[in-house]
Amino acid sequence: MTPPALDLAALAKLSSGTWLEFLAQRRWFPAGARSVRLVGAARVGADAALCLLVAEAERPWTTQVLLRTMMVDGAGPHEHVPKNSIRMRADGAEIALVEASDAPDVFVALAAGLRAGASFAGDGASWSTRVGSPICAGALTGARLVGGEQSNTAVVLGEAGVLKLFRRVEVGRHPEIELGRFLTARGFRHTPALLAELTVETGEGSAAAGVLHAFLPGRVDGWTFALSRPDMVEPARALGAATRALHEALTTDDESTGLATRAVVAADRVRWVKGLRQTASAALSRLGHRYRELPPETRKLAEVTATRSEALLADAEERLRGAAGVQIRIHGDYHLGQVLYDPSSGTWSILDFEGEPTRPLVERSLRQLPQRDVAGMLRSFAYAALVGGAGPDWEAATSAAFLAGYDAAGSPGSPLPAAQASPLLRACVIERSFHELAYELDYRPQFAWIPLTSLVALSEAVALPPWPRASQF
C-alpha cells in the first residue's frame, strides 16, 4: 500500500515538543536545545519533504531534515517502522514520519533531482540545484548510509555518486562547495569530482544544503585501514604526499576564485593566539565540570593537564606569535576518517572539505596555516594507535613516514614550509589536542583520556610546576 502524500500543512502544526523528542538523540542536533520551530518545507516527490528548522540552543542553530512517510496500518509489521518516528493521521490512516537517516532510500529521489537540476519550491524556503560537469550516469540505486549518524548525513547511491546532506545550515559561502569547485575545475586527482550542489533560500539569504560527489569504487576509509595495518609506513608516506599535493594546489595566486594565498601578517598572529586561548579555555572549563564523572585514571591525567596547561599554552603562544610565511585555505578538519585508500594503486583520496562543523561558517572559510591539517592527521594517528592498541612505536613510525612524504612532495620554489622543521607544527598539535578534549567531553567522555594523554605528553617538553593534587578541581 502506497503511503499518502506528505501534507506540508500538517508539518506546520507539529509542536516544538514533538520536534524535540524526534530530533534530540541525533548526533547532528544541538545538545541542550530548548525549542524547535519549522520555518520552511518543500516536497521531494509525493511522500517526502525537506524541512528547515530553527532550534533555540546555546547559539542560533538552523538545521535541515529530510522526511518521508511510512504506513503503520496495513503495510506490514509495525517493526518495519523505525522506533524514532512521528505518528499522525492522514486520509483516515495512521502514518509515520521517518527521518532520512532511518530510511536512506528517500535519498534516491533527492539525488535524482540534483542530477536533473531540479528545484524544490515550498512554504517558507525553497531548494535549488546547480549541476556540475561531468555528471554521473549510473543508476541511483542501493542507497547506503556512510558512517551512520555523523555531523552530516552521507549516502552512497550505487556507483552513481555520494550524496551529503548538510545538517547545520548557515547563510554564506560554504568551504565544501568552494574548494570542491576549485579542485574539480583543476582536475585535482586526490579528490572526487563535485557533480552537483543543493542550495536553500532561507529568507535571510542563500545557504548550502547538500552536495553530490563522484563515487570512488574499491576504496576503504583511512580509519578502518589504519586499524588493520600492523605496518602503516608506506601508506602513511603516500598520504603525506597527497596532503602536500592538496596544499600545493590550494596555494594559488588566482584572485577570481577567492582562494588566493596571503602572507601572514600581525593581525593573523593575533587571531591565532586568541583562537588558541579560546579553544583551551573551553576545554578546561568542560574538564572542570565533568571531572568528578571521569574514571580515576582519567582524573589523574586531568589533574596534570590542568596544572601544566598554562606552561603548555605559553609555549604554543610564543610559536604562533612568531608565525611567518603564507596562509592558505586548508581542509580544516583533517583526520583518517576524511581520506580513502585504494589498495590496488596505493593512492589516497581526500574528502569532506567543510571544515570543523562545530565552528561558525565564516571561521571555516578563513585562510590558515597548512600545519593545522598536518597536526590533525598526526593526532589521528595517535587515536588509531591508542584505540587499536598498536602502541607508541606504530604511531611514531607512521607519523615520521607521513611527515617525510609530505616534505618530499614539495614543489621547487614552493612558499609552503617543510613540516618536520616547522616550529608551528607543535603549536597546532597542542591546539588540536585541546579541541579534541572539548569535543570528547561533550560527546564521548569515555574517550577524554586520549587527548588528555596527548596534552600530558606534550607538557613534558616545557618547564612545569610540581605534580598537582586532586584538589585542583
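These numbers were taken from a predicted model, which means no experiment stands behind them. (Residues numbered from 1 in each chain as written. Predicted model: local features only at pLDDT ≥ 70, side-chain atom pairs only at ≥ 80, totals over all residues. Heavy atoms only, no water.)

Q: How should I be thinking about the overall build of the chain in this particular structure?
A: Counting secondary structure elements, the chain contains 13 helices and 17 strands. Rg of the C-alpha trace for the chain: 23 Å, near the compact-globule value of 23 Å for 473 residues, within the 12% margin. Taking the principal axes of its C-alpha atoms as reference, the chain extends roughly 75 × 55 × 45 Å. Here the chain holds 473 residues, and 51% of them are scored as buried. Within the chain, contacts between residues separated by at least 24 positions form 70% of all contacts whose residues are at least 6 apart in sequence. For the chain, the exposed surface amounts to about 20,000 Å²; the carbon and sulfur share of it is 53%. In the chain, 48 side chains carry a positive charge and 51 a negative one; their mean positions are 3 Å apart. (Helix = DSSP H or I, 4+ residues; strand = E, 2+ residues; numbered from the N terminus. Rg over C-alpha atoms; globule rule 2.2 N^0.38 Å. Buried < 20%, exposed > 50% of the residue type's maximum accessible area, 1.4 Å probe, protein only. Contact = heavy atoms within 4.5 Å. Areas by Shrake-Rupley, 256 points an atom, 1.4 Å probe, with all protein chains shown as cover. Lys, Arg positive; Asp, Glu negative; His and termini not counted. Charge placed at Lys NZ, Arg CZ, Asp CG, Glu CD.)

Q: Would you mind showing me how to read the sheet that holds strand β16 (residues 339-342) here?
A: Strand pairing in a sheet takes place through backbone hydrogen bonds and is either antiparallel or parallel in direction. Ordered by their spatial adjacency, three strands build an open sheet running β13-β16-β17, and the pairing between neighbours is antiparallel. A single partner strand is all that each edge strand has here, and the edge strands are β13 (220-221) and β17 (347-350). Note that β16 and β17 share four bridges and pair antiparallel. Paired with Asp342 across the two strands is Thr347, which belongs to β17. In the packing of helix α6 (residues 233-249) onto the sheet, the strands contacted are β16 and β17, and the crossing angle to β17 comes to about 45°. (Pairing = 2+ DSSP bridges. Axes fitted to C-alpha atoms, helices over the stretch in contact; angles between N-to-C directions.)

Q: Please explain the pattern of salt bridges as it appears in this structure.
A: Two side chains bearing opposite charge may form a pair once their charged atoms approach each other closely. Tallying each qualifying case throughout the model produces 34 salt bridges. The residue Arg168 makes a salt bridge to Glu170 at a minimum N-O spacing of 3.8 Å. Note on accessibility: Arg168 and Glu170 belong to one class, buried. The shortest N-O distance in the salt bridge between Glu440 and Arg444 comes to 2.8 Å. With relative accessibility at 28%, the residue Arg444 sits in the partly exposed group. (Salt bridge = Lys/Arg side-chain N within 4 Å of Asp/Glu carboxyl O.)

Q: Any chance you could explain the nonpolar core here in plain terms?
A: As a rule of thumb, soluble globular proteins bury nonpolar side chains together. In terms of nonpolar packing, the biggest core is built from 67 residues, with Leu239, Phe381 and Phe402 touching the most fellow members. In contact with Phe381, not counting residues within four places along its chain, are Ala236, Leu239, Leu336, Trp394, Glu395, Thr398, Ser399 and Phe402. Counting 30 residues, the second largest nonpolar core, distinct from the first, contains Ala42, Leu66, Phe107 and Val169. (Core = buried A, V, L, I, M, F, W, Y, C linked by side-chain atoms within 4.5 Å.)

Q: So what exactly am I meant to see when it comes to the pairing of strand β4 (residues 86-90) here?
A: A regular strand places its side chains on the two faces of the sheet in alternate fashion. The two faces of β4 differ: Ile86, Met88 and Ala90 on one face are buried, but Arg87 and Arg89 on the other face are not. The turn linking β4 back onto strand β5 (residues 93-99) is made up of two residues, and Asp91 within it adopts a positive phi angle of 55°.

Q: Teacher, can you tell me more about unusual backbone geometry here?
A: Comment: phi is negative for the bulk of residues other than glycine, and the bulk of peptide bonds are trans. Even without being a glycine, Asp352 presents a positive backbone phi close to 60°. You can see Asp352 is positioned in the loop between β17 and α9 (361-364). Under the relative-accessibility criterion, Asp352 is labelled partly exposed at 23%.

Q: Is there a simple way to think about the packing of aromatic side chains in this case?
A: Two descriptors summarise a pair of aromatic rings, namely the distance from one centre to the other and the angle between the planes of the rings. This structure, assessed with the given rule, holds six aromatic pairs. Across the ring face of Phe22, the terminal group of Arg26 is positioned such that the distance to the ring centre comes to 5.7 Å. We note Arg168 situated over the ring of Trp61; from NZ or CZ to the ring centre the distance is 4.4 Å. (Phe/Tyr/Trp six-rings, centres within 6.5 Å; stacked < 30°, edge-to-face > 60°. Lys NZ or Arg CZ within 6 Å of the ring centre and 35° of its normal.)

Q: Help me understand the sheet that holds strand β9 (residues 153-157), please; the structure alone is not making it clear to me.
A: Spatially, twelve strands are ordered β4-β5-β3-β2-β1-β6-β7-β11-β12-β10-β9-β8 in an open sheet, and the strand pairing comes out antiparallel. Every interior strand has two partners, whereas the edge strands, β4 and β8 (143-146), have only one. This sheet shows a mean twist of 30° between the axes of neighbouring strands, independent of strand direction. Here strand β10 (residues 161-165) runs beside strand β12 (residues 206-213); their pairing, made up of four bridges, is antiparallel. Residue pairing across strands places Leu165 opposite Gly210, the latter belonging to β12. Of the strands in this sheet, β1 (35-43), β2 (48-56), β3 (61-71), β4 and β5 are in contact with helix α2 (residues 16-23), which crosses β1 at around 85°. Packed on one face of the sheet, helix α3 (residues 106-116) meets β2, β3, β6 (120-123), β7 (126-131), β8, β9, β10, β11 (194-201) and β12 and runs near 105° to β10.

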